Amino acid sequence: MLELVFLGTAASAPSIQRGLPAQMVLYRDERFLIDCGEGTQRQILRSGLGFRRLERILLTHGHLDHILGLGGLISTFARWEAVDRLEIYGGRWALNRVRDLLFGVVLRGARPPVPIDLIDLEPGILLESETFEVRAFPVTHRGPGCFGYLFREKPRRPFLPEKAAALGVPAGPVRRDLVNGMSVTLADGRVIHPDEVLGPERDGVSIAVTGDVDRVDTLVNAVQGVDLLVCEATYLKRDVQMARQFGHLTAEEAAWLARAAGARTLALNHLSQRYRVGEILDETKPWFPNTIVTRDFDHFQVTRERITLTNQELKDDEMLLDDVGVDNGLLE
Ligand SMILES: [Zn+2]
Ligand SMILES: [Zn+2]
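Chains are numbered independently. Their residues run from 1 in the order of the written sequence. Labels follow written order: the first chain is A, the first ligand is 1, and so on. For a predicted model such as this one, the threshold for reporting local features is a pLDDT of at least 70, and the threshold for listing and counting side-chain atom pairs is 80 or more; totals across whole chains, interfaces and linings nevertheless cover every residue. Side-chain numbers here rest on the full set of heavy atoms in the structure, without hydrogens or water.

Novice: Help me understand the coordination of the zinc ion (ligand 1) in this model?
Specialist: Ideal geometry at a metal centre gives angles of 109.5 degrees when four donors are arranged tetrahedrally and 90 or 180 degrees when six donors are arranged octahedrally. Distances decide who is a donor: an N, O or S atom must be within 2.8 Å of the metal, or within 3.2 Å for Na, K and Ca. Water is not included, so sites may look incomplete. Here the zinc ion (ligand 1) is held by Asp65 (OD), His66 (NE2), Asp212 (OD) and His270 (NE2), and the distances to it run 2.1 to 2.3 Å. In this scheme the shape depends on donor count and angles: four donors with every angle between 85 and 135 degrees give tetrahedral, four or six donors with opposite pairs above 155 degrees and others between 65 and 115 give square planar or octahedral in turn, and any other case is irregular. Geometry at the zinc ion (ligand 1) is irregular, judged from its 4 donor atoms and the angles of 91 to 166° they form at the metal. Written as a sequence motif, the donor arrangement for the zinc ion (ligand 1) is D-H-x145-D-x57-H. Exposed residues in this analysis have more than 50% of their type's maximum accessible area, buried residues have under 20%, and partly exposed residues fall in between, with area computed by a 1.4 Å probe over protein chains only. By relative accessible area, which is 3% here, His270 ends up buried.

If you want it as structure tokens, here you go:
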């Protein structure tokens, strides 16, 4: 299972309901903060996620609405020592701006509270384990070095407990070894091979986050078949000229991408105050009905079986998103 929590869903400036861009992706014990707009640290607290294990921050680009929160976060870490180290990934331009903000303004020559690594990204895999990978893919927006991110569980063979039980494989570490592809010897001397207790390979699930983007035709391959596509939708098509001028998308273009890439669910963020939720959905529906206009603290859980949405803050019921035509029309 992969999870994503929206911490800020506004474009450029916050509103009463929407904070500046930030979202957290969760996989097992791993956490990835994507972007850190002003006010993100308070959003993290409100979401209940807290700062624990918040050691990796991935920046889509260096515009201020996506990075200013880093200053506050670091100065809080200086007092609380909430993490042991911090890795900040991004394009060179974004990292230079972050370096100026953190070392020039916030720390001003003081020692960082925790070791801070600024990691210059190249497109491709940036983190990988046996079961999971994170990829950066290039996107075009204003300026160089802008990236989107793809989080993907690797395909795996499910463990079949009934087969294991029939073979007399005891619960515990022996089963874990089999899941990890190792043959095991039982107490009675029989050797059990992984093939005897594992089913056929199944794809894992994936989440893509585009960040700010000004065109979508170049992204179809990067997000092909993704389960949850998080895409910006700063404008509606009646304002397409502004979208081009400022390097953003219309909601229709985001929906086009979801359809062209065969995504399962589309979650729109980086939203302007000038539009109502219903107008946005009217524009996406002909292209991609399974679209959500996100709200701060929306929490998506993505498994092969289903994608669900909850919002603790708004206390609404769990919503199953594999149905089409969802209109979560709060904030209208
Ligand atoms: Zn932005
Ligand atoms: Zn931007």
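Novice: Can you walk me through the coordination of the zinc ion (ligand 2) in this structure?
Specialist: Protein coordination of the zinc ion (ligand 2) is provided by His61 (NE2), His63 (ND1), His141 (NE2) and Asp212 (OD), with donor distances spanning 2.1 to 2.4 Å. The coordination sphere of the zinc ion (ligand 2) comprises 4 donor atoms, whose angles at the metal cover 88 to 173°; the geometry is irregular. Spacing between the donor residues of the zinc ion (ligand 2) along their common chain follows H-x1-H-x77-H-x70-D. In this structure the zinc ion (ligand 1) is found 3.4 Å away from the zinc ion (ligand 2), and Asp212 serves as a bridging donor for the pair. One end of the pair, His63, is in the loop between β4 (56-58) and α2 (64-67); the other, His141, is in strand β8 (residues 132-141), and 78 residues separate them in sequence. The pair formed by His63 and His141 is uniform in burial state, with each residue classed as buried. The numbering of helices and of strands both runs from the N terminus, where a helix is a DSSP run of H or I of at least 4 residues and a strand a run of E of at least 2.

Novice: Can you help me understand the nonpolar core in this one?
Specialist: Within soluble globular proteins, side chains that are nonpolar generally end up buried alongside one another. Ranked by size, the top nonpolar core spans 34 residues in total, and within it Val223, Leu229, Leu257, Leu266, Leu268 and Ile280 carry the most contacts. Of all elements in the fold, only β8, β9 (143-153), β13 (228-232), α8 (251-260), β14 (265-269) and α9 (277-284) reach the threshold of two or more residues within this core. Tallying contributions element by element places α8 first for this core, with 5 residues. Sequence-distant contacts of Val223, that is, excluding residues within four places in its chain, are made with Phe137, Ala208, Leu229, Leu257 and Ala261. Each nonpolar core is a collection of buried residues, namely Ala, Val, Leu, Ile, Met, Phe, Trp, Tyr and Cys, held together in the definition by side-chain atoms within 4.5 Å. When checking whether two residues touch, look at their non-hydrogen atoms; a contact exists if any pair is within 4.5 Å.

Novice: I'm lost on the domain arrangement of the chain in this one. Help?
Specialist: It is common to report an interface's size as the accessible area lost on association of the parts. The domain boundaries here were taken from an automatic or database domain assignment. The assigned domain composition of the chain is domain 1 (2-154 + 205-320) and domain 2 (161-196). Averaged C-alpha coordinates put domain 1 and domain 2 at centres separated by 41 Å.

Novice: How do you make sense of unusual backbone geometry when you look at a structure like this?
Specialist: Trans peptide bonds make up most of the peptide bonds, and negative phi angles are found at most residues other than glycine. Phi angles above zero are rare outside glycine, and Ser12 is one such case at about 65°. The topology assignment puts Ser12 in the loop between β1 (2-8) and β2 (22-27).

Novice: What is the right way to look at the sheet that holds strand β6 (residues 116-120) in this model?
Specialist: Adjacent strands of a sheet pair through backbone hydrogen bonds, lying either parallel or antiparallel. At least two bridges found by DSSP between two strands is the condition for calling them paired. The 9 strands lie next to each other as β6-β5-β4-β3-β2-β1-β16-β17-β18, forming an open sheet whose pairing is mixed. Each having just a single partner strand, β6 and β18 (316-320) make up the two edges of the open sheet. Across the sheet, the axes of successive neighbouring strands diverge by a mean angle of 20°, strand direction being ignored. Bridge count between β1 and strand β16 (residues 299-302): 4 bridges; the pairing is antiparallel. When the bridges of β16 are listed, Val5 appears paired with His299. On the sheet, helix α3 (residues 69-80) packs against β3 (30-34), β4, β5 (86-90) and β6 and is oriented at approximately 170° with respect to β5. Every axis in this analysis is a line fitted to C-alpha atoms, fitted for helices over the stretch in contact. Angles between the N-to-C directions lie between 0 and 180 degrees.

Novice: Just to check I follow, could you spell out the environment of Asp296 for this structure?
Specialist: Position of Asp296 among the secondary structure elements: in the loop between β15 (291-293) and β16. Residue class for Asp296 comes out buried when judged on its relative accessible area of 7%. Spatially, the C-alpha atoms of Asp296 and His270 are 11 Å apart, while their sequence positions differ by 26 residues. The contacts of Asp296, once residues within four sequence positions are left out, are Phe6, Leu7, Gly8, Thr9, Gln17, Arg18, Gly19, Gln43 and Asn311.

Novice: Quick question: what am I supposed to make of the pattern of salt bridges here?
Specialist: Side-chain pairs of opposite charge can arise whenever the charged atoms involved come near each other. Salt bridges are identified by distance alone: a Lys or Arg side-chain nitrogen within 4 Å of an Asp or Glu carboxyl oxygen. Summed over the entire model, instances satisfying the criterion amount to 18 salt bridges. Its salt-bridge partner being Asp188, residue Arg190 comes within 3.0 Å of it at the nearest N-O pair. Here the salt bridges share partners, and the residues they tie into one network are Glu30, Arg56, Arg85, Glu87 and Asp117.

Novice: I keep staring at the packing of aromatic side chains and nothing clicks. Help me out?
Specialist: For any two aromatic rings, the description comes down to two numbers: the centre-to-centre distance and the angle of the planes. Classification of ring pairs uses Phe, Tyr and Trp, with its six-membered ring standing for Trp, and accepts pairs whose centres are within 6.5 Å; under 30 degrees between planes counts as stacked, over 60 as edge-to-face, and the remaining range as tilted. By the definition in use, this model includes 5 aromatic pairs. Aromatic side chains Tyr27 and Phe132 sit 4.2 Å apart centroid to centroid with 15° between the ring planes, which places their arrangement in the stacked category. Residue Tyr27 is found in strand β2, and its partner Phe132 is found in strand β8; the two are separated by 105 residues along the sequence. Residues Tyr27 and Phe132 agree in their burial class; the two are buried. On the basis of an interplanar angle of 80° and a centroid distance of 5.6 Å, the ring pair of Phe51 and Phe77 is categorised as edge-to-face. Within this pair, whereas Phe51 is found in the loop between α1 (40-47) and β4, its partner Phe77 is found in helix α3, the two being separated by 26 residues in sequence. Each member of the pair, Phe51 as well as Phe77, carries the same accessibility label: buried.

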